[in-house]
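Listed below are the residues making up each chain.
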Amino acid sequence: MLSSRGEIKIHEILEDAGLRFQEEYIIPGLCSSNGRPLRFDFAVFDDDGNLDFLIEY
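Now for a description of the structure that goes with this document. (Residues numbered from 1 in each chain as written. Predicted model: local features only at pLDDT ≥ 70, side-chain atom pairs only at ≥ 80, totals over all residues. Heavy atoms only, no water.)

## So, the overall build of the chain
Thought 1: Secondary structure assignment for the chain yields one helix and three strands.
Thought 2: The order of α-helices and β-strands along the chain, N terminus first, is α-β-β-β.
Thought 3: Viewed in the frame of its principal axes, the chain has a C-alpha envelope of about 35 × 30 × 15 Å.
Thought 4: Residues counted as buried form 21% of the 57 residues belonging to the chain.
Thought 5: For the chain, the accessible area works out to roughly 4400 Å², and carbon and sulfur atoms hold 50% of it.
Thought 6: Taken as two groups, the 5 positive and 12 negative side-chain charges of the chain have centres that lie 8 Å from each other. (Helix = DSSP H or I, 4+ residues; strand = E, 2+ residues; numbered from the N terminus. Buried < 20%, exposed > 50% of the residue type's maximum accessible area, 1.4 Å probe, protein only. Areas by Shrake-Rupley, 256 points an atom, 1.4 Å probe, with all protein chains shown as cover. Lys, Arg positive; Asp, Glu negative; His and termini not counted. Charge placed at Lys NZ, Arg CZ, Asp CG, Glu CD.)

Rendered as structure tokens:
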């Protein structure tokens, strides 16, 4: 998948910081008004594997 320069930079920052993250993250059951699942650019997880925060660039 092609990423913008900003998304590439965010990916690099998260990796350099040693954070656990996933790109193109979907929260089950969270959908737009047309019924499509909402997708976030990055999901960052805490040390226990729980969702800590989302980044939408």
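## Quick word on the sheet that holds strand 3 (residues 51-55)
Thought 1: Here we have three strands laid out as an open sheet, ordered 1-2-3, and antiparallel in their pairing. Here the strands that pair on one side only, and so sit at the sheet edges, are strand 1 (20-31) and strand 3. Taken over all neighbouring pairs, the strand axes of this sheet differ in orientation by 50 degrees on average, direction set aside.
Thought 2: In this structure, strand 2 (residues 37-45) lies alongside strand 3, joined through four bridges in antiparallel fashion. What sits directly across from Phe 45, in strand 3, is Leu 51.
Thought 3: This element, helix 1 (residues 5-16), spans strand 1, strand 2 and strand 3 of the sheet and lies at about 35 degrees to strand 2. (Pairing = 2+ DSSP bridges. Axes fitted to C-alpha atoms, helices over the stretch in contact; angles between N-to-C directions. Contact = heavy atoms within 4.5 Å.)

## A closer look at the environment of Gln 22
Thought 1: Positionally, Gln 22 belongs in strand 1.
Thought 2: For Gln 22, a relative accessible area of 36% translates into the label partly exposed.
Thought 3: Every residue in contact with Gln 22, bar those within four places of it in the chain, is listed here: Asp 41, Phe 42, Ala 43 and Phe 45.

## Points about the side chain of Glu 7
Thought 1: Among the structural elements, Glu 7 can be located in helix 1.
Thought 2: Buried charged residue Glu 7 carries no salt bridge. Nearest counter-charge: Arg 39, at 10 Å.
Thought 3: Discounting chain neighbours no more than four positions away, the residues touching Glu 7 are Asp 41, Phe 42 and Tyr 57. (Salt bridge = Lys/Arg side-chain N within 4 Å of Asp/Glu carboxyl O.)

## Side note on the pattern of salt bridges
Thought 1: Following the criterion strictly, the structure yields one salt bridge and no others.
Thought 2: Between Arg 39 and Glu 24 there is a salt bridge, with its nearest N and O atoms 3.7 Å apart. Taken together, the positions of Arg 39 in strand 2 and Glu 24 in strand 1 put the pair 15 residues apart, joining distant regions of the chain.
Thought 3: On the basis of relative accessible area, Arg 39 is assigned to the partly exposed category, the value being 46%.

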